[in-house]
Amino acid sequence: MGSQGGFGQSKEFLDLIKSIGEARSKAEEDRIVLHEIETLKRRITEPDIPKRKMKEYIIRLVYIEMLGHDAAFGYIHAVKMTHDDSLLLKRTGYLAVTLFLNEDHDLIILIVNTIQKDLKSDNFLVVCAALNAVCRLINEETIPAVLPQVVELLGHSKEAVRKKAVMALHRFYQRSPSSVSHLVSNFRKRLCDNDPGVMGATLCPLFDLVSVDVSTYKDLVVSFVSILKQVAERRLPKAYDYHQMPAPFIQIKLLKILALLGNGDKQASGQMYTVVGDIMRKSDTTSNIGNAILYECICCVASIFPNTKLLEAAADAISKFLKSDSHNLKYMGIDALGRLIKISPDIAEQHQLAVIDCLEDPDDTLKRKTFELLYKMTKSSNVEVIVDRMIEYMITINDSHYKTDIASRCVELAEQFAPSNHWFIQTMNKVFEHAGDLVNIKVAHNLMRLIAEGFGEEDDTADSQLRSSAVDSYLRIVGEPKLPSAFLQVICWVLGEYGTADGKYSASYITGKLCDVAEAHSSDDTVKAYAVTALMKIYSFEIAAGRLVDVLPECQSLIEDLSASSSTDLQQRAYELQAVIRLDAQALENILPLDASCEDIEVDKGLSFLHSYVQQSLENGAQPYISESARSGILNISNLRSHDQHETSGHALRFEAYELPKSTMPTSTPATIVPSTELVPVPEPSYMREIHQSPAVPSISHSGSAELKLRLDGVQKKWGKPTYSSPVQSTSNSDSQKTINGAAQPDATGSIKQKARDASHDVKRQEVEIPSEKQRLAASLFGGASKSEKRQPAAGNRGPPKANSHSTENSHITKGATSSEPATVKTTPTQPPPDLLDLGESTVTNNAPSIDPFKQLEGLVDGSAVNSGSVASKAPDFMSLYGEMSGSVPSNLVDPLSTDSIVVETSSGLLNASNNFDHGATTVVAQSPQSTNKGPNLKDALQKDALVRQMGVTPTNQNPNLFRDLLG
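Here we summarise the structure given alongside this text. (Residues numbered from 1 in each chain as written. Predicted model: local features only at pLDDT ≥ 70, side-chain atom pairs only at ≥ 80, totals over all residues. Heavy atoms only, no water.)

**A short note on the overall build of the protein chain**
Secondary structure summary: the protein chain contains 45 helices and five strands in total. Contacts in the protein chain between residues at least 24 apart in sequence constitute 72% of all its contacts with a sequence separation of at least 6. Surface summary for the protein chain: the accessible area is close to 53300 Å², and the carbon and sulfur share equals 52%. (Helix = DSSP H or I, 4+ residues; strand = E, 2+ residues; numbered from the N terminus. Contact = heavy atoms within 4.5 Å. Areas by Shrake-Rupley, 256 points an atom, 1.4 Å probe, with all protein chains shown as cover.)

Below, the structure is given as structure tokens:
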């Protein structure tokens, strides 16, 4: 197999690594790896392989996986190696399976028992290897199998085991918080562990817990501050130092936790001020780890309740970052400055020249971070300069993702801080022109709304000037190539609404431009639709004004082409345009009034204008409208599917033979009213009985409007599912959905103005000559400090649209939630309708006296003719079915939805019952008179046989005449 090389591996393995390292191309490397895979497939299946060689094969498989190739054929051998008693082989196996497998792999089940056994091992190295595998491989389903043993290991004598047990428990919390929610107190206990490594490992799960629920861990502020103070005072062993900084990673994690606990809490923040200030003074800015701790201190100061001295110290630290030659430190300074300006906006003015330098830096990452800072410090006094800079930068980049982000920020700033509507329109034109289709379509709608609304005041002259300037700018832009679709929609809409409003441009000129737009973008149906609608508006305005309309040849050709378009929308618009041109001036003035795009449209949701028509139709005998909910109550397919989903496998298709009905001798019936198997007439079923079911015992009623109902208490059904009136109800109709209005509001932190610097601070600055151009840019960005001011329009001024503003959305949501608060209505859960073709097994047991049902059926069809004359001919009152939803069903009526009653009509009426229910109509079956003479009537026998078969029973010898008539 080759001589031994370094580290106990064979020369063959070392040659493999050397050949891969010397490969000159990816193809050559793949060829070497594929050859190695074929070799391993052949050798790994050989019998009696020495353990030392198997260990090398597993390591070679790991190397193959690292290079991106599949080594799944060897996974099972790595799993087998975890079962070995040798510590070296076991740790190799655990290392391999943690790299090969994921938590959802099928082979995980094979190593769970091994992990359970190794967690109980006396060798702590074996326990550590098993805990490493637990963190990587145990999923939510297998957590309960190892959780008790992991919790027990929290008290192990070895600190390495305790540390890995804390890490494993943290991993369980990340995967399934509910499985370890009762063990959270163990993290508090391990925070006081004697070993700093265990304490440091406990900070990670505590950080996650504090992030979810801050108030629960407020009592730990004193403990965290005490630990941070001891770490900063170098009370930990020297082994935890890194670049002469005492346990820097523990310090960073503690500062993150304190930032969460002190946010908006003045009392808790007061306990942190001293230790945070000491760390900022003692930090070493000559090393990266020292700068990392200093940056985390600034983030903590920006998060907790503000303190003037700490803010000054943070500003000095930021100044050091921005003055550094390292781009990484400048990036940290810009990010930290963006955090502090939320508390004290004046801090940014102290570093305005440094910010300008970062804005002009060739490092693209630093420039983007600087634009994020400018976005946070934008106000009405500097919005023009910042937005112009953003648009200039947006033109130079090719990254579509970041260009979309810059465009959205430009739009948001322009909507919030626009000094004038004219500037807003010009800015939007630039954004649309350079960002293309990356701009959200809502921006186009907001721009159209702004142009239509104008300044919102009673100044028609200013509004006309705004619209005229928009028309002029769009006529200049419309001829440029590669304009985005959203921008072309805005152009067509503005030209159609205001192209001829001021009389500066003729209708022929505007219509010609619109036809050019439609022809230039023949593949965009939306743009063509906007163009055709704009043509319709222009022609309508001209006809309404009494001017002669001259349709250009290119416009006529466009209309003819669109009339034969494959798009039905374009066809309709073209035909509407042709119809509108033929109308008179008065009609067009009512259809398309001039400058009426902002007028409110009243929508009659109740369609009250149809009341007279509906009333007249009802008087003429038309059927009243039945609501969709009432129609679905008869045969609700969604309820049927929901019920089927909850059915258990025990109701599947059964293959047993029919079971004969129980034959018992009829007994005398007592005088009291008991459930009977006799045929009883009941009134016509209504929709209300689906909601309100009466448990009363039925009695015989001689009402005229009645149907025959069959009671089959003694007949056992063996096929099909239980009827839908069984006690098992679908939960989809009974659950009520709760709506929670409102949102949690974050605690607001007070804003503290920074004190003025001493005059000596300015004297100490080194006087450097600054170019005048940079001074002017800084003055435009930072001059005229104002506190988070936004544009406040005058009364009645709707101003620039703020569709993207979070405050606007929240106010709309709150208003909608307040105005449309639903009233609580208590309703009884509805029972699904009975399926007449479902002959499932009955779930209702009744102690009714057993009477042979076939003797009662023998004269059914003939007997129905006797009652046919008493059926009421008057149409039922439909309003009474829906008027009182909470009414109860009279106790003397048989519930049509009960499990022990089935509707019995003539054979044709029974087969068409579902059809009648689909139309939601109340059916009154008028049975045709039949002969009262009994005898071998073939038709009657067929009807009897059909009824019996539909009820799922088999005739016995007690009723021989029933089928003898059929064979007669």
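**A few points about the packing of helix α18 (residues 327-340) against helix α21 (residues 364-376)**
The N-to-C vectors of α18 and α21 enclose an angle of 15 degrees; their axes lie 9 Å apart at closest approach. Here α21 runs roughly parallel to α18, going by the angle between their axes. Where α18 crosses over α21, the handedness of that crossing is left-handed. Seen from α18, the contacting residues are H327, K330, Y331, I334, D335, L337 and G338; seen from α21, they are T365, L366, K369, T370, L373 and K376. (Axes fitted to C-alpha atoms, helices over the stretch in contact; angles between N-to-C directions. Parallel < 35°, antiparallel > 145°, perpendicular 65-115°, else oblique. Left-handed = near helix turned anticlockwise from the far one by under 90°.)

**Remarks on helix α22 (residues 383-396)**
The terminal C-alpha atoms of α22 lie 20 Å apart, and with 14 residues this matches the ideal 20 Å at 1.5 Å per residue to within 8%. Taken together, the buried positions of α22 are V383, I386, V387, M390, I391, Y393 and M394. Buried positions in α22, seen along its axis, are confined to an arc of 165 degrees and lie on one side of it. At its buried positions, α22 is contacted by α21, α23 (400-417), α24 (421-435) and α37 (772-782). (Expected span 1.5 Å × (residues − 1). Buried < 20%, exposed > 50% of the residue type's maximum accessible area, 1.4 Å probe, protein only. Arc of directions from axis to C-beta.)

**Structural notes on a nonpolar patch on the surface**
Taken together, the side chains of L607, F609, L610, Y613, V614 and L618 define a hydrophobic patch exposed on the protein surface, amounting to about 580 Å² of accessible area. Relative to the helices and strands, F609 is located in the loop between α32 (585-591) and α33 (611-619). (Patch = residues over 30% accessible without salt bridge, like charges linked within 9 Å, V, L, I, M, F, W, Y side chains within 5 Å. Salt bridge = Lys/Arg side-chain N within 4 Å of Asp/Glu carboxyl O.)

**A word on the pattern of salt bridges**
In total, this model carries 31 salt bridges according to the counting rule given. Here E56 makes a salt bridge to R60, at a shortest N to O gap of 3.1 Å. Taken together, the residues span about one helical turn, with E56 and R60 both in helix α3 (residues 51-66) at a distance of four residues. We classify R60 as buried; its relative accessible area is 0%. Here D278 makes a salt bridge to R281, at a shortest N to O gap of 2.1 Å. Here the residue D278 and the residue R281 both occupy positions in helix α15 (residues 273-282), the gap between them amounting to three residues, near one helical turn. Through salt bridges with shared partners, a single network forms among E12, E36, R43, K53, E56 and R60.

**Overview of unusual backbone geometry**
Even without being a glycine, R234 presents a positive backbone phi close to 60 degrees. One can find R234 in the loop between α12 (221-232) and β1 (241-242). Under the relative-accessibility criterion, R234 is labelled partly exposed at 45%. The residue Q244 is not glycine, and still its phi comes out positive at about 65 degrees. Along the chain, Q244 falls in the loop between β1 and β2 (245-246).

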